[in-house]
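A closer look at the structure
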Amino acid sequence: MQNEHTPMGEGAANAVDAVVEKAQEIGSAVAEKATQVGQAAAEKAASVATNVKDAAVQRAVQVKDAVVKQAAAAGQAVAKKAAAVKTAVTQAVAPKKAAPKPAAKKAAKKAVKKAVKKAAKKAAKKAAKKAKPAKKAAKKAVKKAAKKVARKAKSAKKAVKKAVKKAAKKKTAKKAARKQVRRTKAKKK
């Protein structure tokens, strides 16, 4: 019969201890690697989200600038047209030498106001129509980026979970090895 104090029992105990130690080292290394992978994935996801957000904001600013520019151009066109209409109405209503009558003057002002309103409304509608697709595209890009980030974070989470599971399995194997050694020692006694 051999026990822990005999050279054979001591050798077996040392071998088990070495295996257990090695398993602990591997488990620690796996857990450390999993943590690093998780951190890298989280950093990458944050970076992608920021880039997408910046791109969307930049696109929105460009669209806004384009709409403002177009609205300004439309406003100028409306003002030009209004001046032309006013001139035409004034020339048509008032004879060249006679002073214009108040009713004719009023009608001319009303016609000019109406023409200006109509042209401004038309220009605003046109500008809004052109801005709609750009807004839609920006929204779509942000949504797509958010999905991508979520997928990457999910896969990183999976990798960490897997690594932790693996480390836990190794720990369980180590415990089983210790138990087996104890049983063997008990049987030998």
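Our subject is the structure that appears above.
Just so we're clear, the structure is a prediction, and the values are computed from it rather than from any experiment.

When you go through the chain residue by residue, the secondary structure sums to two helices and zero strands. Burial statistics for the chain: of 189 residues in total, 19% are counted as buried. A fraction of 85% describes how many contacts in the chain between residues 6 or more apart in sequence connect residues 24 or more apart. Accessible surface computed for the chain: about 15400 Å², of which carbon and sulfur atoms make up 62%.

Glancing now at a positive patch on the surface. Together, K44, K132, K136, K139, K140, K143, K144, K147, K148, R151 and K152 make up a positively charged patch on the protein surface. Residue position: K144 is located in helix α2 (residues 102-188). Note on K144: relative accessible area 65%, which makes it exposed.

A few words now on the environment of K126. Locating K126 in the fold gives a position in helix α2. By relative accessible area, which is 55% here, K126 ends up exposed. Sequence spacing of K126 and A74 is 52 residues, and the spatial spacing of their C-alpha atoms is 9.2 Å.

Once that is clear, we can look at the environment of A153. Following the sequence through the fold, A153 ends up in helix α2. Judged by relative accessible area, which is 37%, A153 ranks as partly exposed. For A153 and A41, which are 112 residues apart along the polypeptide, the C-alpha to C-alpha distance reads 6.3 Å.

Cut-offs applied
- Residues numbered from 1 in each chain as written.
- Predicted model: local features only at pLDDT ≥ 70, side-chain atom pairs only at ≥ 80, totals over all residues.
- Heavy atoms only, no water.
- Helix = DSSP H or I, 4+ residues; strand = E, 2+ residues; numbered from the N terminus.
- Buried < 20%, exposed > 50% of the residue type's maximum accessible area, 1.4 Å probe, protein only.
- Contact = heavy atoms within 4.5 Å.
- Areas by Shrake-Rupley, 256 points an atom, 1.4 Å probe, with all protein chains shown as cover.
- Patch = residues over 30% accessible without salt bridge, like charges linked within 9 Å, V, L, I, M, F, W, Y side chains within 5 Å.
- Salt bridge = Lys/Arg side-chain N within 4 Å of Asp/Glu carboxyl O.
- Lys, Arg positive; Asp, Glu negative; His and termini not counted.
- Charge placed at Lys NZ, Arg CZ, Asp CG, Glu CD.

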